[in-house]
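This is what each chain is made of:
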Amino acid sequence: MNFVRTQMLPPQSPPVTERGAVKWLRENLFSGPLNTILTVLAVLTVYYLLSMALPWLLHGVWTANSLTECRTIIAANYGPDAIGACWAVIHARWYQFIFGFYPPEAYWRPILDFGLMFVAMTPLLFADNPRSAIKLVGVVAVLTVIGLSLAQGPLWLLALCTALMAGCFFLVLQSPARLLPVTLLYPFATIWLLWGGSIWGPVMMMAGFGVLAIVYSLLSTRIGVVMATAAGFVAACIWWLALDGAVAAALQSLIPLAIQSVPSDKFGGFVLSFLIGVSSIAISLPIGVLLALGRQSDMLLIKSLSVAFIEFVRGVPLITMLFTASLLLQYFLPPQVQFDLILRVVILVTFFSAAYNAEVIRGGLAALPKGQFEAADALGLDYWQAQRLIIMPQALKVSIPGIVSTFIGLFKDTTLVTFVGLAEPLRGITTIVRADIYWKGIYWEPYLFVGAIFFAACYGMSRYSLYLERKLMTDHR
Amino acid sequence: MAEPAMTNPADMSVSDEVAVQITAMNKWYGTFHVLRDINMTVQKGERIVVCGPSGSGKSTLIRCNNRLEEHQQGQIIVDGTELTNDVKNIDKVRSEVGMVFQHFNLFPHLTILENLTLAPIWVRKIPKREAEETAMYFLGKVKIPEQAHKFPGQLSGGQQQRVAIARSLCMKPRIMLFDEPTSALDPEMIKEVLDTMIDLAKDGMTMICVTHEMGFAQAVANRVIFMDQGQIVEQNEPKEFFNNPKSDRTKLFLSQILGH
Amino acid sequence: MAIASDLPKPQFRFGMLIYDTRYRTITIQVIVLILALIFAGWLVDNVRTNLALKGKDIDFSFLFRRAGYDIGQHLIPYNNDMSHGRAAIVGLLNTLVVAVIGCILSTILGVFLGVLRLSHNWIVSRLIGVYVEIFRNVPLILWMILVATVLVESRPQPKDFKVVDGVSQASMMLWDSVAITNRSSNVPLPLLDHPLPALGSDSFPINTSLLFIFALFAGSIYVNRLILRRAKAVQEATGLRPVTWWQSILVLAGPTLAALFAMGFHLEYPVFKGFNFQGGIQFDHAFTALTIALTLYYAAVTAEIVRSGIQAISRGQSEASFALGLRPGITTRLVILPQALRVILPPMISQFLSLTKDTSLGIAVSYLDLRGTLGGITLNQTGRELECMLLMMLIYLIISLLISSVMNVYNASVKLKER
């Protein structure tokens, strides 16, 4: 049978049972008896939850001066038995949940610092994606300026900060890599902005790294990379221990440049959570890389030291690490060295996340094909060159989703610092607010508020990490 | 099978200088004796093809030449430098010897140009501009200069392998090692890689190739080495080797790979 | 031409320490060892100086001194005249009991949710998705605090259960067997009329009746496996599988029930007397809140693990299985689950590890676990931070290492099978 089609058939729409809402309902909700029962149960669950929560949410009161006033208003509006949320407590105390006891006239400092954090991360995350970088910096700049204008502060300060953000935006327009100086300056800027005081302290701390860089560049060609780094590190330590303070004090008396100093016990709320979470994860990354390399090493001693550290830290609960920070760390330091509690907590949380990051990065290293190591060897690159130029750029890229997950876990775990007496938002600030005579007896609203912020931050980050994972899978490799 | 253009091996010069000298070399993986009493001399400008059934140790042998594998006994002298445990010697040999792998092993996070300039910049300490000029020259040689700013993943297998060859050439090596350069390629891409290798041979490069491309062996090799069970079983000029094999093992092997 | 035998043996030179691959690793390790020892020495020296400054020493004898504090929930006999060491053991057992119950409950709930998450039913899978995301993305201690708050604020006081003139303000649940007050949950206590004689000392009694029941049940499981194996043999020989479900039920339930009946099993119900409930078991709300919060949180995590494990396998494998004509039930049981388990188990075990460590968050609801006793009250009373913390970390470390060694054994066995 020979057949030749002379006319091509145009596409036709499917029959009625195969399209529209009917098909969707039949396929997705009522495809069988079991499915129908499940659907009914699920609808009932949703109805039950909503019937409990909705009136409470809808009857919410936003302006009142105390819990009793809230209840009076609800009773007056919706009858004596009505329930309702007293959001007034959030309205009255939201700034404490965000800033802790930070002086209100200095709120611009954490806000600016938070905005700069994203700017500083841009060249690291979007080095090869200028469009996303421009978008991110643009949005962050606008939001930061809006945030700053809401905070109390003189107009010239707002203008200065706006100019700063505009400058960052201008730089990213040229190339994300132009923002790298911002990234390098950011840690010191954070210290200065958050704790305040003389600018010369952070500047001299930074100068220590300058000393390291100078010693390294002088010696690296002569005694090798590792030895030069070690020598530079020793020189920097000498600088920090012996000269740093004196030079900073001298410069301060010569050119006094200082902003209002804020002691650590004023820190609290989400500023504290972010400070601990972000600084720990940032400092822990290089340590994690070294630990991962150590664990992969074929030198028995180095391998066992790395394994011992990683397994020890991963084997004990974070809360014991925090108690170590508050009770024990002082025992292990010379008597004259006194770190404040936030710094001690950051150190221990850094150890904690370094161990977890080491395992994530080890996974990234294991995912690399052996050929990459061999090709680097065959080209004559030495160990550190191969790591820096070939291995780590690829391993870290694969590890980013895992590192983001570590950070999500860590960020949630910053709530535990309440048990060593720091005023984190979930339990620390809430306890303080609930101890207030006007708000005594309130419990759902502050927890829900803080929980919602945690949810938004963590959910956003986990979506981002999922997106990265998918992108890595489809990336041309 | 791709049929490379025939050239007369005698046209290409072979000097008396020794490029690689392997003497009484033995190697074990644990208790498994992979390489047994290897003796081999490669003159400068010579093109050697090593073949043999899988597991015969031919890849291991050429990977010993730049110490991707360590030998336990005997002596390997590459370009006048003996391969010992001395890191300086190893680094010297590796920067003098180019290597092309079966799976290309290009660096996927770098562009083609960056792949080519990486080692000259960091190992040879050549200024970036100069390294890029050299890189473009060799990309032209392997006939894909227009791909310089793409990433390896965007290229076909044949193109990637040619980039890998160019990457080795950028180090201006004295000797090139090829570890089954065409066996991971689709049939239609084998020819372009072999052509590149033939061009290289014409320029007088010293080459040691592990390959099953017998057409290539006949076209350019001065000598074919046949290995089995970690030993060199037979070596001869290609014409003699293919037309008049001496050993039974060689005959069997040749009948298997040329049989169809 | 040089021959291998007359190669000169290279003379040892100082430069070889750095440039020879054989010596270089040793050189580096020796340097690292020296640095590590210097660092350790520095730490030890600092500890010595600091202890001397505070007039303290390192001394573990406090473990044998009187504790002087009460622990509501104790699985072995305990009162406040007993030692700190004993209190620490009570705390450790409390940690372990929450960990074990939490692992079991969160696995059951998590597997259930994970499978439902994959259901084709749109509304169900969305609902589970919302549950999973909400619970995963909010700090665990929030759930502990909320559960504890709900229990404490929404339940009546014990005195409301008092029957005055035939009526009480609050009533018990489940046919008057369970009473949840704002202080604790009171549930029936299983008791035996004729228990087997107890072994062990007064301080560490061994419940032989319980051991006997466990042994009996384990034996039943073994016999059941024999039955299943025989059924399989019959199926392989004849192609038809005999019906075994009633045999299984009989073997699994029969002996245990018979033994319980013979020993006179009955329940002791909690009864309101005086100011509170007497009899039965009282579960402190700290325990309940901690267990529920851990279960809910880790069920969400487990659901994700189960979902991604099944999804990782199912596509091609189930298509292949359907193409062979196997029905969905058999496909799941014989093709999907065995493979999915291999993907699911390693992350599950590391979840167990995290859950065990997270029992230490019981501090949020004042649960007296290992951290609450040894690392809490004992530490504060004796002022021996160094000793208490080191001991506590060591114990947690041992528990973790035990769990992860189970994981390693499992991974090794899977690897072997894959060869």
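Look a little higher up for the structure.
For the structure given in this document, a descriptive report is provided here.

## Section: the interface of chain A and chain C
Note on interface size: it is often stated as the accessible area lost on association of the parts.
In step 1: Between chain A and chain C, the contact holds 53 residues from the first and 54 residues from the second.
In step 2: Around 4,800 Å² of area is buried between chain A and chain C when both sides are counted, 76% of it from carbon and sulfur atoms.
In step 3: Seen at the junction of chain A and chain C, the total is 15 residue pairs in polar contact (both at pLDDT 80 or more).
In step 4: Those elements giving two or more residues to the side of chain A that touches chain C turn out to be α1 (20-28), α2 (33-58), α12 (300-315), α13 (318-332), α16 (383-413), α17 (425-435) and α18 (444-474) of chain A.
In step 5: For the side of chain A that touches chain C, the leading source of residues is α13 of chain A, giving ten residues.
In step 6: Looking at side-chain class alone, the side of chain A that touches chain C contains 36 nonpolar, eleven polar and six charged residues.

## A closer look at the packing of helix α4 (residues 88-99) of chain A against helix α11 (residues 269-296) of chain A
All names here are of chain A.
In step 1: One can describe the packing of α4 onto α11 by two numbers: an axis separation of 2 Å at closest approach and a directional angle of 15 degrees. When the axis of α4 is compared with that of α11, the two are roughly parallel. Residue-level contacts link Q96, F97, I98 and F99 of α4 to G269, F270 and V271 of α11.

## Here's the deal with unusual backbone geometry
Residue and element names in this part refer to chain B.
In step 1: Even without being a glycine, N105 presents a positive backbone phi close to 55 degrees.
In step 2: One can find N105 in the loop between β6 (97-100) and α3 (112-122).
In step 3: N105 gets classed as buried once you look at its relative accessible area, which sits at 10%.
In step 4: One non-glycine residue, K172, lies in the positive phi region at around 50 degrees.

## A closer look at the side chain of T415 of chain A
In step 1: Among the secondary structure elements, T415 of chain A is positioned in the loop between α16 and α17.
In step 2: Residue classification places T415 of chain A among the buried residues on the basis of a relative accessible area of 1%.
In step 3: Once residues within four sequence positions are removed from consideration, T415 of chain A is found in contact with E424, L426 and F454 of chain A together with P139 and I141 of chain C.

## Quick notes on a nonpolar patch on the surface
In step 1: Residues I26, V30, I31, I34, L35 and I38 of chain C make up a contiguous nonpolar surface patch of roughly 560 Å² in combined accessible area.
In step 2: Checked against the element boundaries, I34 of chain C lands in helix α2 (residues 21-54).

## Examining the pairing of strand β9 (residues 223-228) of chain B
Residue and element names in this part refer to chain B.
In step 1: Most of β9 is tucked away: six of the six residues are buried.
In step 2: Across the two faces of β9 the burial is the same, with R223, I225 and M227 and V224, F226 and D228 all buried.
In step 3: Where strand β3 (residues 47-51) and β9 come together, four bridges link them in parallel fashion. Counterpart to V50 in the pairing with β9 is I225.

## Regarding the packing of helix α5 (residues 108-125) of chain A against helix α6 (residues 130-150) of chain A
Residue and element names in this part refer to chain A.
In step 1: At a closest axis distance of 9 Å, the pairing of α5 and α6 adopts a crossing angle of 180 degrees. Considered as vectors, α5 and α6 are oriented roughly antiparallel to each other. Judged by residue contacts, W108, I111, L112, G115, F118, V119 and T122 of α5 engage A133, L136, V137, V140, T144, G147 and L148 from α6.
In step 2: Here the contact of α5 with α6 is composed, by residue class, of ten nonpolar, four polar and no charged.

## Details of the pairing of strand β7 (residues 175-179) of chain B
Residues and elements named next belong to chain B.
In step 1: With five of its five residues buried, β7 lies for the most part within the structure.
In step 2: Inspection of the sheet shows β6 paired to β7 by four bridges, in the parallel sense. By the bridge assignment for β7, V100 is matched with F178.
In step 3: Inspection of the sheet shows β7 paired to strand β8 (residues 206-210) by five bridges, in the parallel sense. In the sheet register, L177 faces β8, and the bridge partner there is I208.
In step 4: The parallel pair β7 and β8, bridged by helix α6 (residues 187-202), forms a crossover whose chirality is right-handed.

## Description of the packing of aromatic side chains
In step 1: Within this structure, the stated rule accounts for 31 aromatic pairs over all chains.
In step 2: On the basis of an interplanar angle of 70 degrees and a centroid distance of 5.5 Å, the ring pair of F97 of chain A and F449 of chain A is categorised as edge-to-face. With F97 of chain A in helix α4 and F449 of chain A in helix α18, this pair connects stretches of sequence that are 352 residues apart.
In step 3: Through a chain of ring-to-ring contacts, the aromatic side chains of F114, F118, F270, F274, F407, F411 and F454 of chain A assemble into a single cluster.
In step 4: Its guanidinium or amino end placed over the ring of F107 of chain B, R167 of chain B lies 4.6 Å from that ring's centre, counting from NZ or CZ.

## Some thoughts on the environment of M197 of chain B
All names here are of chain B.
In step 1: Relative to the elements of secondary structure, M197 occurs in helix α6.
In step 2: Spatially, the C-alpha atoms of M197 and F178 are 9.5 Å apart, while their sequence positions differ by 19 residues.
In step 3: When neighbours within four sequence positions are excluded, M197 is seen to be in contact with I165, F178, P181, M207, C209 and F216.

## Looking at the sheet that holds strand β5 (residues 81-82) of chain B
To summarise the sheet geometry, strands pair through backbone hydrogen bonds and adopt either a parallel or an antiparallel arrangement.
Residues and elements named next belong to chain B.
In step 1: The antiparallel open sheet is built from four strands, whose spatial order is β2-β1-β4-β5. The open sheet has two free edges, formed respectively by β2 (32-43) and β5, since each of these has just one partner strand.
In step 2: Of the pairings in the sheet, the one linking strand β4 (residues 73-78) to β5 comprises two bridges and is antiparallel in character. Paired with V78 across the bridge in β5 is T81.

## Section: the environment of E17 of chain B
All names here are of chain B.
In step 1: Structurally, E17 can be placed in the segment before β1 (18-29).
In step 2: Taking relative accessible area as the criterion, E17 reaches 49% and is therefore assigned partly exposed.
In step 3: Expressed as a C-alpha distance, the spacing of E17 and G80, which sit 63 residues apart in the sequence, is 10.0 Å.
In step 4: In this structure E17 touches V42, Q43 and K44, once residues within four positions along its chain are discounted.

Definitions and cut-offs
- Residues numbered from 1 in each chain as written.
- Chains lettered and ligands numbered in written order.
- Predicted model: local features only at pLDDT ≥ 70, side-chain atom pairs only at ≥ 80, totals over all residues.
- Heavy atoms only, no water.
- Contact = heavy atoms within 4.5 Å.
- Buried area = accessible area lost by both parts, 1.4 Å probe.
- Polar contact = N/O pair within 3.5 Å; in protein donor to acceptor, adjacent residues only side chain to side chain.
- Helix = DSSP H or I, 4+ residues; strand = E, 2+ residues; numbered from the N terminus.
- Nonpolar A, V, L, I, M, F, W, Y, C, P; charged D, E, K, R; others polar.
- Axes fitted to C-alpha atoms, helices over the stretch in contact; angles between N-to-C directions.
- Parallel < 35°, antiparallel > 145°, perpendicular 65-115°, else oblique.
- Buried < 20%, exposed > 50% of the residue type's maximum accessible area, 1.4 Å probe, protein only.
- Patch = residues over 30% accessible without salt bridge, like charges linked within 9 Å, V, L, I, M, F, W, Y side chains within 5 Å.
- Areas by Shrake-Rupley, 256 points an atom, 1.4 Å probe, with all protein chains shown as cover.
- Salt bridge = Lys/Arg side-chain N within 4 Å of Asp/Glu carboxyl O.
- Pairing = 2+ DSSP bridges.
- Right-handed = clockwise from strand over helix to strand, strands pointing away.
- Phe/Tyr/Trp six-rings, centres within 6.5 Å; stacked < 30°, edge-to-face > 60°.
- Lys NZ or Arg CZ within 6 Å of the ring centre and 35° of its normal.

On their own, these measurements won't tell you what the molecule is for.
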